[in-house]
Amino acid sequence: MPPRSTLRLAPDAAGMAEAGRLLRAGRLVAFPTETVYGLGADATDGRAVAAIYAAKGRPSFNPLIAHVATPEAALALGRFNADARALARAFWPGPLTLVVPVASGEAVADLARAGLDTVGLRVPSHPVAMALLAATGRPVAAPSANLSGHVSPTTAAHVLADLDGRIDAVMDGGATAVGVESTIVACLDGPPVLLRPGGVPRDAVEAVIGRPLASATGEATIAPGMLASHYAPKAAIRLDATGIEPGEALLAFGPGAPSGAADILNLSPTGDLAEAAANLFGHLRRLDASGARRIAVMPIPAQGLGEAIRDRLARAAAPRD
Ligand code: TXA
Ligand code: MG
C-alpha cells in the first residue's frame, strides 16, 4: 500500500466538512466514538471498504459494523424484530451493536458484511461521531482503528501509532469515555445472542428483552470476527495474578494494590469498573511499551462492565501464532 500523509483534523466545522468530503470520496478517516476510535469508510463503496481491510491488515472474512447518525437510518438498513426494536430504543445512541438480517435492497456493500445476509448496525453517541455521520450522509463502516490483532485505540495518538501514513485522516476528539468496544447482540431467529460483551452490561440488555441472553456457541458461524487472540499486546499476559514475578509489569485493580513503580498501573484505584474499562487499552499499551516480558493482571470482578474487561484480557492472554 502506498504511503500517504495522514491529516490531523480538529473536530470543528471545517474539520468535519473535510472528513465528510474525504469519506464520500472513498477515503479512510479515523474518528472517535464513545467506545474506541473507529477507522471509517463509506459502507456503500466496496472499494473504500476494501481499503479498510488493507490499512488494518485484517482478514477479509471479518464483517464490519455500519455506523449511522440516527436510529431511523439504522432501521432502514436491517430487519428489526421486536427484541431488536426494543434494544434500539433503549440503547441508541450508545455502545450497542445489533446484528440483524440485512434489509432487501439496502446499500451496505457485500464486503462490509463479509458476504453475510446479516448486518451489524450501531448509532454511536459521541458528539464528534454523530456530527461526522450526519456530515457524511451515508452509513460508515468502521472497525476499531488499529492494526489487526493490536489493542483498540482510545486516543488519536494511539491511532497514529498504528496507522500514520496508512490512512487519509484522523479526527482528534480526545480520549474516549467508555474505553471498551460496543456490546454486540444478534437478533435473528430465536432468542437474542450475546456475540461480544462490551460497553452496555449484559444485565442492562437482559432487563430490556425480559429474558437471559443466549451465548454464542459455535461462534465461528455467526461472528467470524471473534478471533480468540484479537486484543494482543506484544508482552505475554498472566491473568488473575496475586503478585508480580521477575520480568513482569503489573496491571493492578482496586484499592490496596501495589503501586509506586513505573511498570505498575492501576485500572481503577477505587475499584470502579467504568473507570477500569476507560483505562484498559491505554494502560495495556503503556505497560507493553515498558518492555516487560509479561504483564500480570490482578483479578477483575465479572459483574457489569467487568464481563467485557475480562473478555478482552482473556483474548489478550490467548496463545498466538
Ligand atoms: O465499539 C465498537 O464496536 C467499535 C467502534 C469503532 O464502533 N468497533 C469495533 O469494530 O469494535 P470491530 O470491527 O473491531 O469489531 C466488530 C465485530 C467483529 O468481531 C465482527 O465480526 C462483528 O462485530 N460483526 C460485525 N458485523 C457482523 C455480522 N453481520 N455478524 C456477526 N458479527 C458481526
Ligand atoms: Mg477491533
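Residues numbered from 1 in each chain as written. Chains lettered and ligands numbered in written order. Predicted model: local features only at pLDDT ≥ 70, side-chain atom pairs only at ≥ 80, totals over all residues. Heavy atoms only, no water.

Observations regarding the overall build of the chain
Here is step 1: For the chain, the count of helices and strands is ten helices and 15 strands.
Here is step 2: Out of the 321 residues belonging to the chain, those deemed buried represent 55%.
Here is step 3: The long-range fraction of contacts in the chain, counting pairs at least 24 apart against all pairs at least 6 apart in sequence, stands at 69%.
Here is step 4: Positive and negative side-chain charges of the chain, numbering 28 and 29 respectively, have mean locations separated by a distance of 4 Å. (Helix = DSSP H or I, 4+ residues; strand = E, 2+ residues; numbered from the N terminus. Buried < 20%, exposed > 50% of the residue type's maximum accessible area, 1.4 Å probe, protein only. Contact = heavy atoms within 4.5 Å. Lys, Arg positive; Asp, Glu negative; His and termini not counted. Charge placed at Lys NZ, Arg CZ, Asp CG, Glu CD.)

Remarks on empty space enclosed by the protein
Here is step 1: Under the counting rule described, the total for this entry stands at two cavities of 30 Å³ or more.
Here is step 2: In this structure, the second largest cavity encloses a volume near 30 Å³.
Here is step 3: Along the walls of the second largest cavity sit Thr183, Leu194, Pro197, Gly198, Val200, Pro201, Arg202, Gly304, Leu305, Glu307 and Ala308, which together make up its complete lining.
Here is step 4: Looking at the lining of the second largest cavity residue by residue, the class counts come to six nonpolar, three polar and two charged.
Here is step 5: Here the lining of the second largest cavity gathers at least three residues from each of two domains, domain 1 (7–215) and domain 2 (236–317). (1 Å grid on protein atoms, 1.4 Å probe; cavity = no way out; pocket = protein on both sides within 12 Å on 5 of 7 lines; lining within 4 Å. Points joined across faces, edges and corners; volume = space filled by probe spheres on them. Nonpolar A, V, L, I, M, F, W, Y, C, P; charged D, E, K, R; others polar. Domains from an automatic or database assignment.)

Section: the sheet that holds strand β7 (residues 140–141)
Here is step 1: Strand order in this open sheet of eleven strands is β1-β8-β2-β3-β7-β4-β6-β5-β9-β10-β11, and the pairing throughout is mixed. Strands with a single pairing partner mark the edges of an open sheet, and in this sheet they are β1 (7–9) and β11 (214–215).
Here is step 2: Inspection of the sheet shows strand β2 (residues 29–32) paired to strand β3 (residues 37–42) by four bridges, in the antiparallel sense. Residue pairing across strands places Phe31 opposite Gly38, the latter belonging to β3.
Here is step 3: Its contacts with the sheet put helix α1 (residues 13–24) on β1, β2, β3, β7 and β8 (169–171), and the angle it makes with β1 is roughly 130°. (Pairing = 2+ DSSP bridges. Axes fitted to C-alpha atoms, helices over the stretch in contact; angles between N-to-C directions.)

Remarks on the domain arrangement of the chain
Here is step 1: Under the domain assignment, the chain is made up of domain 1 (7–215) and domain 2 (236–317).
Here is step 2: Taken together, the contact between domain 1 and domain 2 spans 22 residues of the former and 13 residues of the latter.
Here is step 3: For the pair domain 1 and domain 2, the summed buried surface comes to about 1400 Å²; carbon and sulfur atoms form 57% of the total.
Here is step 4: On the domain 1 side of the interface with domain 2, the three residues burying the most area are Val151, Val180 and Pro197, jointly 37% of the side's total.
Here is step 5: For the pair domain 1 and domain 2, the interface holds two salt bridges. (Buried area = accessible area lost by both parts, 1.4 Å probe. Salt bridge = Lys/Arg side-chain N within 4 Å of Asp/Glu carboxyl O.)

Topic: the side chain of Thr154
Here is step 1: For Thr154, the location among the structural elements is in the loop between β7 and α6 (156–163).
Here is step 2: With residues up to four places along the chain from it excluded, the contact list for Thr154 reads Thr35, Val36, Tyr37, Gly174, Ala175, Thr176, Gly179, Phe281 and Gly282.

Notes on the nonpolar core
Here is step 1: By size, the foremost hydrophobic cluster in this structure holds 46 residues, and its most contacted members are Leu39, Phe80, Leu87, Trp92, Leu98, Leu121 and Val185.
Here is step 2: Per element, the largest residue contribution to this core is five residues, and it comes from helix α2 (residues 46–56).
Here is step 3: Setting aside residues up to four positions removed in sequence, Val185 forms contacts with Leu87, Leu96, Thr97, Leu98, Val99, Pro192, Val193, Leu194, Val205 and Leu213.
Here is step 4: Grouped together as the second largest cluster of nonpolar side chains are 27 residues, Val180, Phe253, Ala277 and Leu313 included. (Core = buried A, V, L, I, M, F, W, Y, C linked by side-chain atoms within 4.5 Å.)

So, the layout of surface pockets
Here is step 1: Taken as a whole, the largest pocket spans an internal volume of roughly 220 Å³.
Here is step 2: Around the largest pocket, the lining residues are His150, Val151, Asp162, Ala232, Pro233, Lys234, Leu284, Arg285, Asp288 and Ala289.
Here is step 3: By residue number, the principal contributor to the lining of the largest pocket is helix α9 (residues 273–289), which donates four residues.
Here is step 4: The two domains that each donate at least three residues to the lining of the largest pocket are domain 1 (7–215) and domain 2 (236–317).

Thoughts on the packing of aromatic side chains
Each aromatic ring pair is characterised by the separation of its centres together with the angle its planes make.
Here is step 1: Tallying each qualifying case throughout the model produces one aromatic pair.
Here is step 2: Centre to centre, the rings of Phe80 and Trp92 are 6.0 Å apart; their planes meet at 70°, and the pair counts as edge-to-face. Here Phe80, found in the loop between α3 (71–77) and α4 (82–91), pairs with Trp92, found in the loop between α4 and β5 (96–101); they are twelve residues apart in sequence, far enough to count as distant. Comparing Phe80 with Trp92, the two get one shared label, buried. (Phe/Tyr/Trp six-rings, centres within 6.5 Å; stacked < 30°, edge-to-face > 60°.)

What to know about unusual backbone geometry
Here is step 1: Look at the link from Trp92 to Pro93: it is a cis peptide, with omega at -5°.
Here is step 2: Along the chain, the position of Pro93 falls in the loop between α4 and β5.

Notes on the sheet that holds strand β12 (residues 236–238)
Here is step 1: One open sheet holds the four strands; their spatial order is β12-β15-β13-β14, and the pairing between them is parallel. In this open sheet, the two edge strands, each paired with only one partner strand, are β12 and β14 (264–266). Adjacent strand axes in the sheet meet at a mean angle of 20°, parallel and antiparallel pairs treated alike.
Here is step 2: Looking at chain direction, strand β13 (residues 248–252) and strand β15 (residues 294–297) are connected through four bridges and run parallel. When the sheet's bridge partners are listed, Ala249 is paired in β15 with Ile295.

Let's talk about the pattern of salt bridges
Here is step 1: In total, this model carries 17 salt bridges according to the counting rule given.
Here is step 2: Among the salt bridges present, the one from Glu206 reaches Arg202, with a minimum N-O distance of 3.6 Å. With Glu206 and Arg202 both in helix α7 (residues 202–209) and four residues apart, this pair spans about one turn of that helix.
Here is step 3: Residue Arg202 is classed as partly exposed on the basis of its relative accessible area of 26%.
Here is step 4: Residues joined in a network through salt bridges with shared partners are Glu181, Asp311, Arg312 and Arg315.

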